[in-house]
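The residues making up each chain are set out below.
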Amino acid sequence: MTDMPLDIFFAYIMVGGVAAMFLGCLLLRLTLTRRLKKVLTATGDYWDSGTLDFGLINTTIFAWACTMPWFQKLKKYQLLYPDLDVRSFANWFERAAAYGYIYGVVVIFLSIPLSYLFES
């Protein structure tokens, strides 16, 4: 067994989380957000943030709505997208990308304190 310090171990885990987050975000932006934007723009329900985020705010909202069932019941989500069921709109590939995106974010935020805690 190698003598790898724990902070380096958590750094490797963090790199995996960053990779999952970026890949999931990119795939969701190019697939799910693009399809939802076409459908919602036709009905006038698409919320454009008005910033130079290239749709990443909506991608994050759609990823949380696709993975967490309670997220679609929030009042703020219902104000933006009333009666929009993102989970039923997404296919299996987009759901997997959404889970990768959200789990990547969770891994990053859990690994940062642990890497500082076990810093050698």
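Along every chain, residues carry numbers that run from 1 in the direction the sequence is written. In keeping with the predicted nature of the model, local features appear solely for residues at pLDDT of at least 70, side-chain atom pairs appear and are counted solely at 80 or more, and the whole-chain, interface and lining totals rest on all residues. By convention in this description, side-chain values take in all heavy atoms of the structure and omit both hydrogens and water.

With respect to the packing of helix α1 (residues 6–30) against helix α2 (residues 32–43)
Contact geometry of α1 with α2 gives a least axis separation of 3 Å together with a crossing angle of 30°. The orientation of α1 relative to α2 falls into the category roughly parallel. Two secondary-structure elements touch here, α1 through L27, L28, R29 and L30 and α2 through L32, T33 and R34. Here the residues of the contact of α1 with α2 are counted per class, giving four nonpolar, one polar and two charged. Angles run from 0 to 180 degrees between N-to-C directions of axes, and those axes are lines fitted to C-alpha atoms, restricted for helices to the stretch in contact. Runs of E in the DSSP output that reach at least two residues are strands. Runs of H or I that reach at least four are helices, and both are numbered from the N terminus. Between 65 and 115 degrees an angle is taken as roughly perpendicular, under 35 as roughly parallel, over 145 as roughly antiparallel, and anywhere else as oblique. For this analysis, residues touch if any pair of their heavy atoms sits within 4.5 Å. Gly counts as polar in this scheme, as do all residues outside two lists: the nonpolar Ala, Val, Leu, Ile, Met, Phe, Trp, Tyr, Cys and Pro, and the charged Asp, Glu, Lys and Arg.

A few points about the environment of F109
Within the element layout of this structure, F109 appears in helix α6 (residues 92–117). The cut-offs for exposure are 20% and 50% of the maximum accessible area for each residue type, with area from a 1.4 Å probe on protein chains only; residues under the lower value are buried, those over the upper are exposed, and the others partly exposed. For F109, a relative accessible area of 59% translates into the label exposed. Between the alpha carbons of F109 and R95 there is a distance of 21 Å; along the sequence they are 14 residues apart.

Topic: the pattern of salt bridges
Each salt bridge in this description consists of a side-chain nitrogen of Lys or Arg and a carboxyl oxygen of Asp or Glu lying within 4 Å of one another. Evaluated as defined, the whole model comprises one salt bridge. In this structure, R35 and E94 form a salt bridge, with 2.7 Å as the shortest nitrogen-oxygen distance. Of this pair, R35 sits in helix α2 while E94 is found in helix α6, placing the two residues 59 residues apart along the sequence.

Observations regarding the packing of aromatic side chains
In this description, an aromatic ring pair is defined by two values, namely the gap between the centres and the angle between the planes. Only Phe, Tyr and Trp rings take part, Trp by its six-membered ring, and two of them pair if their centres are within 6.5 Å. Stacked means planes under 30 degrees apart, edge-to-face means over 60, and tilted covers everything else. Counted under the stated rule, the structure contains eight aromatic pairs. Seen in terms of ring centroids, W70 and F71 are 6.0 Å apart; in terms of plane orientation they differ by 65°. Their pairing is edge-to-face. Taking relative accessible area as the criterion, F71 reaches 16% and is therefore assigned buried. An aromatic cluster of three or more residues is present, and its members are F62, W64, W70, F71, Y77 and Y81.

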